[in-house]
Structures are given as structure tokens and as C-alpha cells.
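For reference, the chains in residue letters:
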Amino acid sequence: MFCIVSAWASFKLADRIGDPTLVWHRWNGYFILILIVFRLIWGFVGSSTSRFAAFVTWPWNAVSYGLDMLKGRKRPYLGHNPLGTWMILALLAAVGVQGSLGLFSLEHNELVAGPLKRLVAHETSERITKLHVQGISIILTLALVHVSANILYGLVKKEPLVRAMVTGRKPAETYEDQQEAVIVDGVATRALICFMMAAGIVFGSIVALGGRIF
């Protein structure tokens, strides 16, 4: 979330902070793409509650969960609940598309272009740039809904979702998905390797397509 806000601010305030070539904005974008790729990799090799196989479910399961929630039926999940799953997927998709569009965009002063702008026609780049600028509204809306839902869960349902995201712990209870998280061996080392792989994929793809990082 910090990187998204920072990317938005570094674009809007570029001239005020003395960054007309949007260096800070671009590096925010790179880091966001790296985090997205990292999360995708971690969804297959991370701890049990992080894996897509543990929480990605059919849309109708999310509808059923939402109806039960409205009826006051408690259905606790150790990991993401079915509704939360689709919010996470929506955020990953929206942020991923937003960052990818930035690679092809032509910025406001027309002196700064994304590293892959040369691969598309000028008119196409202009359309992509408009989508890139408009996309932040969608992301901020999704983020606001996500944060608000987590806060409401804590206040209304007394489920400490925010605290769980920070500490990685939840109270002992009978959960629908799994009773206890299985932490992978050498989790810090594995996460570092996945992050380096994600950086290599992002930067390597840009260079392979003829783009320049700096």
C-alpha cells in the first residue's frame, strides 16, 4: 500500500519535489511489479496459508459465505475467507495491470516514457497512459474497501484480522480451512530467494524486450 501511495504522490508532485523525469515514480513501479511477482511465486512455495491452493475457491463459495455472514453465521478461516480471497485476487490483478501499463506509458510532460514504450505506437501509448492514470482510482477504491472490511471484522465480528496480518497469529479456534498454519523450513531464506527471483523476472523481462531500466 505504501508503494502505491508513494507512486501516486511521486507522479502528482514530481515537479515540486524536483523530479521532472519521474525517477522515483518509475522505481516505485518497478518495486510494485517485483512484489506482485513475488506474491505469485510465494503463492506456490510459501507457508500453508499463503498458497493459492489453500484459499482460492469458486465464486459461488464466496457468495455462500457472504450470505452466511449476513445471517450472522460464524464461519472462521485461518487464512483468507472466500470473500477476502476474491478481494485479494482483484487487488493483485489491478495493481499488476497498473504497473504493467506504466511500462508502456508516455508521461505528462512527454519527456518521460516507460521502458517499453518503443514497442507500441505513439497513439497506443497515449491510450495506455490514460488508462494508467485512471487506474489508480480503481486501486484506491479496492484498497479502501479491503481496509474497511478488515476494520469492520475486528469491530463487529471481533475477528482480529488486522492484528493477524501483522503478527501472523490468530486465536485457537475451529477453522474451516486448516487448524494450524504450516510454516515452510527456512522461511526467511526462501522468501529472499523468491524476492530475488521476482526482481530477476521483472528486470530481465524488460531488458529482454529491449527496454532500459535506468
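The notes below deal with the structure included here.

What counts and what doesn't
Residues numbered from 1 in each chain as written. Predicted model: local features only at pLDDT ≥ 70, side-chain atom pairs only at ≥ 80, totals over all residues. Heavy atoms only, no water. Helix = DSSP H or I, 4+ residues; strand = E, 2+ residues; numbered from the N terminus. Buried < 20%, exposed > 50% of the residue type's maximum accessible area, 1.4 Å probe, protein only. Contact = heavy atoms within 4.5 Å. Areas by Shrake-Rupley, 256 points an atom, 1.4 Å probe, with all protein chains shown as cover. Lys, Arg positive; Asp, Glu negative; His and termini not counted. Charge placed at Lys NZ, Arg CZ, Asp CG, Glu CD. Salt bridge = Lys/Arg side-chain N within 4 Å of Asp/Glu carboxyl O. Expected span 1.5 Å × (residues − 1). Arc of directions from axis to C-beta. Phe/Tyr/Trp six-rings, centres within 6.5 Å; stacked < 30°, edge-to-face > 60°.

Let's shift gears to the overall build of the chain. For the chain, the helix and strand inventory stands at eight helices and zero strands. For the chain, the N- to C-terminal ordering of α and β elements is α-α-α-α-α-α-α-α. For the chain, the C-alpha atoms occupy an extent of roughly 55 × 35 × 30 Å along the three principal directions. Looking at the chain residue by residue over its 214 residues, the buried ones come to 41%. Contacts in the chain between residues far apart in sequence, at least 24 positions, make up 68% of those at least 6 positions apart. Here the chain has roughly 12,800 Å² of accessible surface; of this, 69% comes from carbon and sulfur atoms. Side-chain charges in the chain split into 20 positive and 13 negative, and the spacing between the mean points of these groups amounts to 2 Å.

This model, assessed by the stated rule, comprises two salt bridges. Close ionic contact of Asp68 with Arg75 constitutes a salt bridge, the shortest N to O distance being 2.9 Å. With a relative accessible area of 12%, Asp68 lands in the buried category. Of the residues examined, Arg75 reaches a relative accessible area of 15% and is grouped as buried. Three or more residues are tied together by salt bridges with common partners; here these are Asp68, Arg73 and Arg75.

Position of Phe52 relative to the elements: it lies in helix α3 (residues 52-55). By relative accessible area, Phe52 is classed as buried at 13%. For the pair formed by Phe52 and Leu40, sequence separation is 12 residues and the distance between their alpha carbons is 8.6 Å.

Okay, the side chain of Lys117 next. With respect to the secondary-structure elements, Lys117 resides in the loop between α5 (82-102) and α6 (122-156). Comment: no salt bridge for buried Lys117; closest opposite-charge side chain is Glu123, at 8.0 Å. In contact with Lys117, other than residues within four places in its own chain, are Leu103, Phe104, Ser105, His122 and Ser125.

Given a rise of 1.5 Å per residue, 22 residues ought to cover 32 Å, and the 31 Å separating the end C-alpha atoms of helix α8 (residues 187-208) matches this to within 8%. Residues of α8 that are buried include every one of Cys194, Ala198, Ala199, Val202 and Ile206, and no others. Taken down its axis, α8 places every buried residue within 135° of arc, on the same side. Residues of α8 that are exposed and point more than 90 degrees away from the buried face comprise Thr189, Leu192, Met196, Val207 and Ala208. In this structure, the buried side of α8 is in contact with α2 (23-45). Downstream of α8 by one or two residues, Gly210 has phi in the positive range, about 90°.

What follows deals with the packing of aromatic side chains. Across all of its chains, the model carries 11 aromatic pairs by this definition. Each ring, one from Trp27 and one from Tyr30, has its centre 5.1 Å from the other, and the planes form 85°; the classification is edge-to-face. Here Tyr30 and Trp27 lie together in helix α2, a separation of three residues that amounts to about one turn. With relative accessibility at 1%, the residue Tyr30 sits in the buried group. Following the ring pairs from residue to residue traces out a cluster consisting of Trp27, Tyr30, Phe203 and Phe214.

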